Amino acid sequence: MDETAPNTKLIKPGSLGKTAAKSRATCRSCNGDDCTNNILEDILREKILTTGYFEFLPGSSKPDGKCSHGGGFDRTRSIDPTGGINKDETDSEHGHLHFKAANMAIAATRQVLEDIRRAAGDATFLQLMGINKGKALCFCIDTTGSMSDDIEAVRNVTNSIINNRVGTEDEPSAYILVPFNDPDFGPLMRTQDAEAFKRAINSLTASGGGDFPELSLSGLRLALTGAPPASDIFLFTDASAKDDYLLGAVLTLVEQTKSVVNFMITGSLGFRRRRESNNTNDQQQQQPRAITKESSKVYADLAQASGGLAIQTTKSQLLAATTIVTESSSSAQVLLLQAARSPGKSDNFTFTVDESVKNLTIFITGLSAAFTLISPSGVSQSSANLTGPLISSSQSVGNFQTLELTTQAGLWEIRFVSTNPYTLKVKGESSIDFLSDFLELSEGPLGGFEVLENRPRAGANASLRVTVTGGVSAIVTEVFLVVSLTSEQVNGSVESLGKGKFVARFDSIPSGEFVVLVKGQSTESSTTSSRAAILFQRQSSNSIRASALTVSADDLEGVLEPGVPLFVPFSVLSNGLGGSFTIQATNDQGFTLSFPSTLPLTAGSRANGTVNITAPAGTASGTDVTLTIEVNAPGGTDANYVVLRLTVLIPVTDFTEPGCQLLSLQSNCSADCSASMWELSVEVTDGVNGTGIDTISFRGGNGTSNTSLLAGNATLVSYNASCCSPDVEIVVVDQVGNVGSCSFTVRTTAPTVNATPTTAQPTTAASTQAVQSLLLCLSIAILGLSLTI
């Protein structure tokens, strides 16, 4: 239609404008392969929107006279009128318009994203786009009576982290605090203000906690659902987990979010000192309690799965232990080796150090672990003498030990001798690292691959996408799946996809827990003049578990309306044994749930179920809820899960953007702009049936402003500025997030006014609605290649 700007009616709910009726013909057959003029002239002349019909399956049909999408997969393209109107590629039926359509889609995308930025604010918008500084830092703290010393240590650590990291590339993108006690946990506090986080930590007090175990996993689950992916989480406690039935749900969140969880456990296992108040004489008493072996294993398993540590130390040493862990965490840190042995056993481990690695450090947890370290040059040093040629410094706190090594490139070996459980991690700082995701075949009509959102199938073949980060010249040569408890390796065949992306294909996924090990070569950091290739080794920090179960769910639009049940269908496929499978559904907001407790399956069969979730009638719009559906095989021999992110949204009927009317604009601007001023008055309104003005902000000017309420849901905006600042944009957001903007300038005699609408939920839920708007926009961007724009 030769339009030059996006059709905003396609971006917001409501009328699309003039669209072709079902009975109205829109196309004629193409002239052979020439489809340049196949849209009927009256459709173009009257600017009536139409689109192309598409069917993937044989036996397809379409209404008489309608256009087809076209292309090799469209079965309707051979039905009269033949051909198509898609602009997907330059050689498509309307490929002559490909670049115009693509640029229009980009412009529409830019428009929507800019409106979201205006409604949500810059900080929230950057979070939505994944643009942050360092990782989010989350403290999950037991606040029962015996934890006063621990809380004081956390205060000191918080001050140290903030003082050392603010203003650096490792400055946390967000600070999160989750207290837990018994019978309560939460609320979650999240801020980007370091001083506000300090005040929140300083306000914590230790009290209560009648019986011994606490709701540690409830607090951790809240932290995992409220923190962004890949966060650094520290859980401080001196108690067993009262809610260990949540282990499966928490483990699934650890796997999905890829956050690292460190457990800082004070007191020895089997012993806990609890201060309790005596109501008679109000004196504090000491009473020994035991942390159960079961809870100790829960903490250790979660730490191992996340790539974190389970450190057992005394209260007096907690500050030192936490400081070591936090100071050793940086954005440049990479993992070269990770292994665990439970029960303990003697074993030998090797790892390759490349020339790009600096600050090489070994982390060990476990009691009475002896080792011998052998360098690439053949020099050895044992744990009996930590002062020697290979270990530059060491620290030991509780069951936790760190060794800083003199960095040498090449193959290292460490020989462990221990009958007690232990974990081993080797880390360094380097620009070369990797990301990985398992892929599954898409169920869409065009095939292809999409990221697997839960556990891969044990024993089946699989594809793993590997993306190298920080090393432009890095080439992946080998990818292994390494079983965590035995170090058994499954090798994959590697194929380069270009631009630092590779795919590794495996004939069989190992059962149980494993990590990804990547080996390759790079010239990125070679110190030689010829820039010879260097060998590198990297390992994933988070563990992966395989399963013979496949769990999938349909979250529909992912939206909950307060007081209205949402029915979430799910299905379970058993690729292993049959029997009665246990179903457990949980959510982090405590919303009412109903679901089948079991599902019967035979081997190789599929069963379906439904989870009903209801948000209370008074739930605030924008509330996020994480729904986890976990399926356990008979006898607990296997498990898999699906995690859904839902949002509570109150239905919106106001889709009209706020408007503004210029009342006056006066200026006495002269050649000397610093000696003159200009001012304007604008009336801003949300209309008779609008929800009202929420925020008014200014962009592009540095003047002063004032607002006052007028009758009839209107606001008077006054603005004045130096003539050296001749432009200003007034951005107005209403109560449900619709955005209008008015631009004024004294560069010319006439002001310019531009109202740019968007549709969103209240600004308290701006990021949630922004995601929905972004998805809508991307859909439009794709459809724009087929629409007759």
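Residues numbered from 1 in each chain as written. Predicted model: local features only at pLDDT ≥ 70, side-chain atom pairs only at ≥ 80, totals over all residues. Heavy atoms only, no water.

**Brief notes about the overall build of the chain**
Item 1. Along the backbone of the chain there are ten helices and 42 strands.
Item 2. Taking as baseline every contact in the chain between residues at least 6 positions apart, the subset at least 24 positions apart corresponds to 69%.
Item 3. Of the roughly 35,400 Å² of accessible surface on the chain, 52% is carried by carbon and sulfur atoms. (Helix = DSSP H or I, 4+ residues; strand = E, 2+ residues; numbered from the N terminus. Contact = heavy atoms within 4.5 Å. Areas by Shrake-Rupley, 256 points an atom, 1.4 Å probe, with all protein chains shown as cover.)

**Describing the pattern of salt bridges**
When charged atoms on two side chains of opposite charge get close, those side chains can pair.
Item 1. Within this structure, the stated rule accounts for 27 salt bridges.
Item 2. In this structure, the salt-bridge partner of Lys297 is Asp301, at a minimum N-O distance of 2.7 Å. Taken as a pair, Lys297 and Asp301 lie in helix 8 (residues 293-306) at a separation of four residues, close to a single helical turn.
Item 3. Measuring nitrogen to oxygen at the nearest pair gives 2.6 Å for the salt bridge that ties Arg545 to Glu513. Placement of Arg545 in strand 26 (residues 544-545) and of Glu513 in strand 24 (residues 513-522) is noted, with a sequence separation of 32 residues between them. (Salt bridge = Lys/Arg side-chain N within 4 Å of Asp/Glu carboxyl O.)

**With respect to the nonpolar core**
Item 1. Leu220, Leu224, Val250, Phe263 and Leu302 are the most contacted members of the largest nonpolar core, which totals 32 residues.
Item 2. If you list the elements that add at least two residues to this core, you get strand 1 (137-142), strand 2 (175-180), helix 6 (216-226), strand 4 (232-237), helix 7 (247-257), strand 5 (260-266), helix 8 and strand 35 (639-648).
Item 3. Look past the residues within four positions of Leu220 in its chain and what remains in contact with it is Cys140, Ile233, Leu235, Val250, Val261, Phe263 and Leu302.
Item 4. In this structure, Val154, Phe197, Ile324 and Val397 belong to the second largest nonpolar core, which totals 29 residues. (Core = buried A, V, L, I, M, F, W, Y, C linked by side-chain atoms within 4.5 Å. Buried < 20%, exposed > 50% of the residue type's maximum accessible area, 1.4 Å probe, protein only.)

**Concerning the state of the cysteines**
Item 1. Per the counting criterion, the structure on display carries five disulfides.
Item 2. The disulfide bridge from Cys27 ends at Cys67, spanning 1.9 Å between sulfur atoms. Taking the torsion about the sulfur-sulfur bond, which here is approximately 90°, the covalent link between Cys27 and Cys67 counts as right-handed. Residue Cys27 is located in the segment before helix 1 (41-45), and its partner Cys67 is located in the loop between helix 1 and helix 2 (98-120); the two are separated by 40 residues in the primary sequence.
Item 3. In this model Cys660 forms its disulfide with Cys742; the gap between the sulfur atoms is 1.3 Å. What sets the handedness of the Cys660 and Cys742 disulfide is the S-S torsion sign, and at about -95° it is left-handed. (Disulfide = S-S within 2.5 Å.)

**Quick word on a nonpolar patch on the surface**
Item 1. Side chains of Phe54, Phe56, Leu57 and Phe73 sit close together on the surface and give an oily, nonpolar patch of about 380 Å² of accessible area.
Item 2. Mapped onto the secondary structure, Phe56 falls in the loop between helix 1 and helix 2.
Item 3. Phe56 gets classed as partly exposed once you look at its relative accessible area, which sits at 32%. (Patch = residues over 30% accessible without salt bridge, like charges linked within 9 Å, V, L, I, M, F, W, Y side chains within 5 Å.)

**A short note on helix 9 (residues 318-327)**
Item 1. For helix 9, a buried count of seven out of ten residues is recorded, marking the element as mostly surrounded by other parts of the structure.
Item 2. Considered for burial, the residues of helix 9 that qualify are Leu318, Ala321, Thr322, Thr323, Ile324, Val325 and Thr326.
Item 3. Packed against the buried residues of helix 9 are helix 4 (148-165), strand 4, strand 5, strand 8 (310-313), strand 14 (391-397) and strand 15 (400-405).

**Some points on the sheet that holds strand 37 (residues 677-685)**
Item 1. Strand order in the open sheet made by the four strands is 36-37-40-39, with antiparallel pairing throughout. Both outer strands of the open sheet, strand 36 (659-667) and strand 39 (704-710), are each paired with one neighbouring strand and no more. Strand after strand, the sheet turns through a mean of 15° between neighbouring axes, direction not considered.
Item 2. Here strand 37 runs beside strand 40 (residues 714-722); their pairing, made up of nine bridges, is antiparallel. (Pairing = 2+ DSSP bridges. Axes fitted to C-alpha atoms, helices over the stretch in contact; angles between N-to-C directions.)

**Quick look at the environment of Leu57**
Item 1. Looking at where Leu57 falls in the secondary structure, it is placed in the loop between helix 1 and helix 2.
Item 2. Among the residues examined, Leu57 registers a relative accessible area of 54% and is labelled exposed.
Item 3. Taking C-alpha positions, Leu57 is 8.8 Å from Phe73, a pair spaced 16 residues apart along the chain.

**Considering the confidence of the model for the chain**
Item 1. Taken as a whole, the chain shows an average pLDDT of 84; of its residues, 88% reach a score of 70 or greater.
Item 2. Confidence drops under pLDDT 50 across residues 749-789; counting only partners more than four residues distant or on other chains, this segment forms 104 contacts. (pLDDT = per-residue confidence, 0-100.)

**Quick word on the packing of helix 7 against helix 8**
Item 1. Orientation of helix 7 relative to helix 8, taken along the N-to-C sense of each, is 20°, at an axis distance of 9 Å. Between helix 7 and helix 8, the angle is such that the two are roughly parallel. You can see that helix 7 and helix 8 cross each other, and the crossing is right-handed. Residues Leu247, Val250, Leu251 and Val254 of helix 7 form the contact with helix 8, whose participating residues are Val298, Leu302, Ala305 and Ser306.
Item 2. Each residue belonging to the contact of helix 7 with helix 8 can be placed in one class, and the counts come to seven nonpolar, one polar and no charged. (Parallel < 35°, antiparallel > 145°, perpendicular 65-115°, else oblique. Left-handed = near helix turned anticlockwise from the far one by under 90°. Nonpolar A, V, L, I, M, F, W, Y, C, P; charged D, E, K, R; others polar.)

**Looking at helix 4**
Item 1. Look at helix 4: 26 Å from first C-alpha to last across 18 residues, which is about the 26 Å you get at 1.5 Å a residue.
Item 2. Taken as a whole, helix 4 has its buried residues at Asp150, Ile151, Ala153, Val154, Arg155, Val157, Thr158, Ile161, Ile162 and Arg165.
Item 3. Buried residues belonging to helix 4 abut strand 1, strand 2, helix 5 (194-202), strand 4, strand 5 and helix 9.
Item 4. Within two residues after helix 4, Gly167 carries a phi angle of roughly 90°, on the positive side. (Expected span 1.5 Å × (residues − 1).)

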